[in-house]
Amino acid sequence: MKYVFLMSIAINLTYRVSLLYVINSIDQVFKLSITSTPVKPLDWAEVKITFRPNVVGQSYTEYYLVDDTAGNTYRLTVTGKCFGPDVILNKKILEFRIWKNVSEQRKNVVKIVNKSKVDAIYQWFLPNGGQGYFQISTGNCGVIHAFESITTSIVFSGISLGVYTAEIVFLVLNQEPIYLNVIAWVVLPGSPMYNIKDHTIQKNWKRKSRSAHLMENSLSCLCDIPQASVFERYLDFGKGSVIDLTLNISQTLCVTNHEMGDGCIQWFPDPDNVFIIDPISCVIPSNESRLFTIRYRPKENNEVYGYLLCGDYQYNKYDVDSDQFNVPKIKHTWFRIPCIGNTWPPCTEWNAEWDCPTEVVLPPTVPARTTFTNFMLSNKLEIPMYFKLEAPYNTNFVAMPMCGIVQGRGWQIITVALEPKAFGEYVENWDIIINKELKARISFVGNAETSHVELMSHGYNPGTHAMYEFPPTITGATNYCTAYMHNHTRMEIHLRVLTNVPWLGADDNGTLVIPPREIVRYHWWFFPRQADKVYETTVTCSCVCLINGKPVGEPTEIFINITGFSELPDLRVLPKTLNLHDAVVGESRTFPITLYNFGSCFFTSKLYPVIDGMGDDFSGDKFNIDCCVNSLKPSSHCEVNVTVTAGGAGSRQIDIKYTVVYRNEFNEVEEIQPIRKSICIIWYDGIYPTIKVKRSISVKCPVILSNHCVWNMINVEGLNKALEDCRPHKPLNADLYAPDLCVRSTDVELILVLGCVYSVPVPFNFRREKICDCEMIEVQIGISTYEMRHACVHRPLVEMSPMSGIVTPETPVLLHLKLMYTSEGRNTLCFVMTMPNHRTLNIFIHINAHVNSKGVLSPVRRVLGDDEYMTVMDCGRVPINNLDPVIRALFREQAGNEI
Ligand SMILES: [Zn+2]
């Protein structure tokens with residue numbers, strides 16, 4: 001018994017539980033009840049589940065629906081399995097070998113072992129105490145406890161020469177019967193023993209249940225024709241008399257040989273001589289019948305008699321597989337005919353008290369396959385009890401034994417078989433007649449089923465049992481749809497999918513075992529490889545019931561229509577192209593793009609960029625997609641942020657491409673080969689914030705110079721090139737030449753107008769770098785702090801201002817250069833210019849001051865790198881209308897050689 005609890009959270013609710021899928025009433029082993037009174041908020045409703053299984057080895061599943069007054073429904077699945085005893089005998093054959101007066105082995109031991117954790121009721125079916133030549137030493141019925149083993153000895157009492165065989169049946173309640181074959185030889189000393197291999201005493205149980213063997217004589221619709229059959233199947237002699245033999249009725253048995261050769265029946269005589277069969281043995285020719293008379297000779301008054309008349313039917317069987325084809329083997333078939341009778345005086349009322357179930361449920365089966373179970377009829381009183389089963393007309397069930405005596409405080413295990421001729425439920429009410437007067441009713445319930453699996457279909461297709469449709473799928477990807485398969489039978493069903501299309505797959509390679517009554521989830525797999533195609537097929541599911549893992553009954557076929565559609569992915573991006581123009585190196589630019597699924601499949605894409613460009617190496621450029629994996633339904637879109645970070649200067653093109661990501665049938669993520677087409681192109685130019693000298697101005701100079709002259713004279717082009725070519729961590733050198741002039745006391749002032757190359761402001765910074773060989777000078781800067789300074793004669797030759805600043809597109813910076821011509825000869829000073837991105841420029845400013853002697857000209861324009869230069873003579877003011885100075889040129893061939 002188990003409990004399930006539901007909590008009500010809002011209002012007072014009343015609950016109800018009901019069974020889903022009512023298929024038949026046979027397996028309703030669960031009983032559910034739910035709190036019937038209204039349940040207050042935060043209180044629990046209790047579902048009580050009782051499990052009363054009735055068939056050993058059977059597993060049960062039921063689906064229930066719990067609903068409440070608020071309209072909520074809950075599905076409750078209840079499963080259970082019924083376990084039973086597992087009792088075995090440690091031997092299958094017993095042999096007794098008697099050499100008369102030499103060695104007589106008359107006792108054999110067999111062990112009953114209970115391998116299960118439940119107690120089991122058992123009964124020896126033959127021989128009963130004192131009957132036959134083989135006797136069970138201990139009681140013929142009892143209880144074997146869990147994991148117990150009981151030793152039983154079997155004694156052989158035959159005297160006359162010959163072979164004695166018997167088949168002892170060991171019955172265990174709720175278990176298949178166990179057979180113990182016994183064989184005994186009684187021979188004179190010196191005679192050879194019979195060969196046990198000449199007898200086939202083990203049955204061919206591969207094809208039928210072991211219970212069928214026990215009931216071989218009782219069943220009417222066996223799968224194959226038996227070797228021989230007997231009629232009647234049980235004999236009730238009623239009331240007899242000890243004195244007046246004419247009151248004792250005699251009955252007749254008819255044995256028919258169904259074989260091609262002769263057969264021989266050997267009956268075992270009743271050692272008490274109450275039931276006398278005549279003839280005791282007889283040869284029956286092929287396809288003929290023989291009659292046997294059984295006379296009833298009770299010995300005592302006021303007594304009940306029961307005897308299990310056993311017949312050993314033998315015939316020769318030629319083993320086709322054997323080398324000795326002509327040497328027959330003797331095959332034995334057993335008949336067991338219960339006989340009962342009494343000598344009760346008229347008007348006697350015999351007390352009886354018994355116990356037996358009111359309903360016996362048989363294990364599941366398929367049409368034309370016999371199913372078995374057993375039940376126990378026990379006698380509660382000390383006096384023996386006489387029972388007889390009465391079958392309704394045209395019954396489908398058989399019971400064995402049909403009549404007999406149950407000893408005081410003993411019991412009889414009765415085997416019941418259902419022989420279903422067709423599909424359906426079989427319910428019959430049988431009567432048990434106890435002591436002729438009393439009657440009890442017992443229901444035999446069973447059913448025969450065909451392999452019935454129901455599928456929850458995606459729609460209706462008149463040509464098939466069910467239809468399924470895959471969601472539209474990207475070609476090359478894998479997809480699935482789920483089928484729910486409901487086994488409607490009480491048996492396991494083995495299902496096999498038959499298909500020949502390569503694009504369809506199914507779970508577990510298309511084979512599945514569905515437990516009784518269960519609903520299982522099953523996946524159909526779709527592997528489309530061709531684009532723009534509608535896939536369609538009809539698969540056949542072959543279903544067959546399984547009992548003990550073996551297929552039984554006729555397979556049924558389910559036709560399933562499966563369709564799918566596949567196309568190539570069509571992911572689009574807005575904007576399709578985008579030009580970001582200048583992108584400052586190291587600075588990120590983030591902007592959104594919109595993805596749009598233009599196809600009809602739901603799919604997951606993974607974006608990736610491909611960068612190409614010219615100029616600096618672009619491997620340092622970064623392109624980051626915020627969320628590169630996106631799942632989009634057809635006709636839906638999403639926005640994704642992308643970030644561009646230039647890593648170097650130059651123009652770049654980024655192509656955004658994508659792959660399709662999907663889960664395969666093993667739940668692993670796979671990617672379809674990249675889709676080559678780019679769906680979005682982004683351009684940008686990586687730049688460094690760069691300064692450019694835009695103009696040069698001569699502010700104060702003894703020679704009047706046009707801006708153009710200054711530009712050329714001081715090498716602005718060289719400086720501009722260095723400013724542009726400068727790269728991080730790679731300092732460049734640039735040379736600036738002050739106009740060559742005579743030594744003089746007043747300074748010369750020039751301005752360089754600094755502007756931006758790109759529309760990006762550029763901060764800059766200058767610092768002096770001492771490159772002359774002069775000593776540093778210690779300068780006191782505090783009371784006791786000193787600093788080493790560059791304060792030699794060279795330092796004041798060039799002053800630059802401002803030493804730092806920001807050049808913006810709107811506001812240029814005027815860089816003032818103040819040059820002193822106080823030191824004769826050529827002097828060079830260095831300024832280190834620092835710009836963003838760790839770029840530095842060493843600017844060397846060269847000043848060449850000549851001796852100031854009258855008539856000597858100072859050069860103002862030089863050819864770079866050439867000492868042979870033209871000089872411009874300082875020859876006074878020029879007329880105002882002529883901006884260029886009036887010059888007389890002199891070419892110096894040699895130093896000091898003047899013309
Ligand atoms: Zn110096």
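Just so we're clear, the structure is a prediction, and the values are computed from it rather than from any experiment. (Residues numbered from 1 in each chain as written. Predicted model: local features only at pLDDT ≥ 70, side-chain atom pairs only at ≥ 80, totals over all residues. Heavy atoms only, no water.)

### What to know about the overall build of the protein
In step 1: Broken down by element type, the protein carries three helices and 69 strands.
In step 2: Across the 899 residues of the protein, 47% fall into the buried class.
In step 3: For the protein, the proportion of contacts with a sequence separation of at least 24, taken over those separated by at least 6, is 69%.
In step 4: For the protein, the accessible surface area stands at approximately 45000 Å², while carbon and sulfur atoms represent 52% of it. (Helix = DSSP H or I, 4+ residues; strand = E, 2+ residues; numbered from the N terminus. Buried < 20%, exposed > 50% of the residue type's maximum accessible area, 1.4 Å probe, protein only. Contact = heavy atoms within 4.5 Å. Areas by Shrake-Rupley, 256 points an atom, 1.4 Å probe, with all protein chains shown as cover.)

### Thoughts on the pairing of strand 49 (residues 603-613)
In step 1: Two strands pair when backbone bridges link them, and strand 49 and strand 51 (residues 629-632) are joined in this way by four bridges, in the antiparallel orientation. Looking at strand 51, one finds that T604 is bridged to S631. (Pairing = 2+ DSSP bridges.)

### Some thoughts on the packing of aromatic side chains
In step 1: Throughout the structure, instances matching the rule amount to 31 aromatic pairs.
In step 2: Plain terms: the ring middles of F30 and F51 are 4.9 Å apart, the flat faces sit at 20 degrees to each other, and that makes the pair stacked. With a gap of 21 residues between them, F30 in strand 3 (residues 30-34) and F51 in strand 4 (residues 44-51) connect regions that are remote in the sequence.
In step 3: Since its relative accessible area comes to 7%, F30 is described here as buried.
In step 4: Among the aromatic residues, ring-to-ring pairing joins F237, F275, Y296, Y305 and Y307 into one connected group.
In step 5: Above the ring of F598, the side-chain terminus of R572 is found at 3.6 Å from the ring centroid. (Phe/Tyr/Trp six-rings, centres within 6.5 Å; stacked < 30°, edge-to-face > 60°. Lys NZ or Arg CZ within 6 Å of the ring centre and 35° of its normal.)

### Thoughts on the sheet that holds strand 4
In step 1: Taken together, three strands build an open sheet; the order of strands is 1-4-3 and the sheet is antiparallel. Two strands close off the open sheet at either side, each with one partner strand: strand 1 (2-7) and strand 3. Across the sheet, the mean angle from the axis of one strand to that of its neighbour is 20 degrees, orientation sign disregarded.
In step 2: Inspection of the sheet shows strand 1 paired to strand 4 by six bridges, in the antiparallel sense. Pairing of F5 across the sheet is with E46, part of strand 4. (Axes fitted to C-alpha atoms, helices over the stretch in contact; angles between N-to-C directions.)

### Some remarks on helix 3 (residues 716-725)
In step 1: Where helix 3 is concerned, the buried positions are V716, L719, N720, A722 and L723. The buried residues of helix 3 occupy one face: seen down the axis, they fall within an arc of 160 degrees. What points out from helix 3, more than 90 degrees from its buried face, is the exposed set E717 and K721. (Arc of directions from axis to C-beta.)

### Concerning the coordination of the zinc ion
In step 1: Listed as protein donors to the zinc ion are C772 (SG), C774 (SG), C792 (SG) and H794 (ND1); their distances from the metal cover 1.9 to 2.5 Å.
In step 2: The sequence pattern formed by the donor residues of the zinc ion is C-x1-C-x17-C-x1-H.
In step 3: We classify C772 as buried; its relative accessible area is 18%. (Donors = N, O, S within 2.8 Å, 3.2 Å for Na, K, Ca; no water.)

### Focus on the nonpolar core
In step 1: Core analysis: the largest hydrophobic core is formed by 70 residues, its most contacted members being W124, L253 and W267.
In step 2: Residues within four places of W267 in sequence aside, it is in contact with L253, V255, I277, P279, I280, F292, L309, C310, G311, F335 and I337.
In step 3: Grouped together as the second largest cluster of nonpolar side chains are 45 residues, L741, V748, L797 and L841 included. (Core = buried A, V, L, I, M, F, W, Y, C linked by side-chain atoms within 4.5 Å.)

### Let's talk about the confidence of the model for the protein
In step 1: Overall, the predicted model of the protein reaches an average pLDDT of 84, with 90% of residues at or above 70.
In step 2: Throughout residues 854-863 the model reports pLDDT below 50, and contacts reaching past four residues in sequence, or to other chains, amount to 34 contacts.
In step 3: In the predicted structure, residues 868-899 sits below a pLDDT of 50 and forms 46 contacts with residues beyond four places in sequence or in another chain. (pLDDT = per-residue confidence, 0-100.)

### Section: the environment of T395
In step 1: Note on placement: T395 falls in the loop between strand 30 (385-390) and strand 31 (397-400).
In step 2: Here the alpha-carbon distance between T395 and V427, two residues 32 residues apart in the chain, equals 9.8 Å.
In step 3: Not counting residues within four places of it along the chain, the set of residues in contact with T395 comprises E428 and W430.
In step 4: A distance of 2.9 Å separates a polar atom in the side chain of T395 from the backbone nitrogen of F397.
In step 5: Among the polar contacts listed, one links the side chain of T395 to the side chain of E428, at a separation of 2.4 Å. (Polar contact = N/O pair within 3.5 Å; in protein donor to acceptor, adjacent residues only side chain to side chain.)

### Here's the deal with the sheet that holds strand 48 (residues 588-597)
In step 1: Strand order across the open sheet formed by four strands is 46-48-52-50, with antiparallel pairing between neighbours. Of all the strands in the sheet, the pair left with one neighbour each is strand 46 (571-574) and strand 50 (622-625). With direction set aside, neighbouring strand axes in the sheet form an average angle of 30 degrees.
In step 2: In the sheet, strand 48 pairs with strand 52 (residues 637-645) via nine bridges, with the strands oriented antiparallel. Each residue of the ladder has a partner; that of P592, found in strand 52, is N641.

### Digging into the side chain of T489
In step 1: Its place among the elements puts T489 in the loop between strand 39 (479-487) and strand 40 (492-498).
In step 2: T489 sits in the buried class, given a relative accessible area of 1%.
In step 3: A polar atom in the side chain of T489 sits 2.8 Å from the side chain of N487.
In step 4: Side-chain polar atoms of T489 contact the backbone oxygen of M491, separated by 2.9 Å.

### Re the pattern of salt bridges
In step 1: All chains considered together, the criterion is met by 19 salt bridges.
In step 2: One salt bridge connects D278 with R295, and the closest N-O pair in it is separated by 3.8 Å. With D278 in strand 22 (residues 275-278) and R295 in strand 24 (residues 289-296), the pair connects residues that are 17 residues apart, well separated along the chain.
In step 3: For D278, a relative accessible area of 38% puts it in the partly exposed group.
In step 4: The class for R295 is partly exposed, based on a relative accessible area of 28%.
In step 5: One salt bridge connects E288 with R290, and the closest N-O pair in it is separated by 3.2 Å.
In step 6: Note on E288: relative accessible area 37%, which makes it partly exposed.
In step 7: Through salt bridges that share partners, D431, K439 and R441 make up one connected network. (Salt bridge = Lys/Arg side-chain N within 4 Å of Asp/Glu carboxyl O.)

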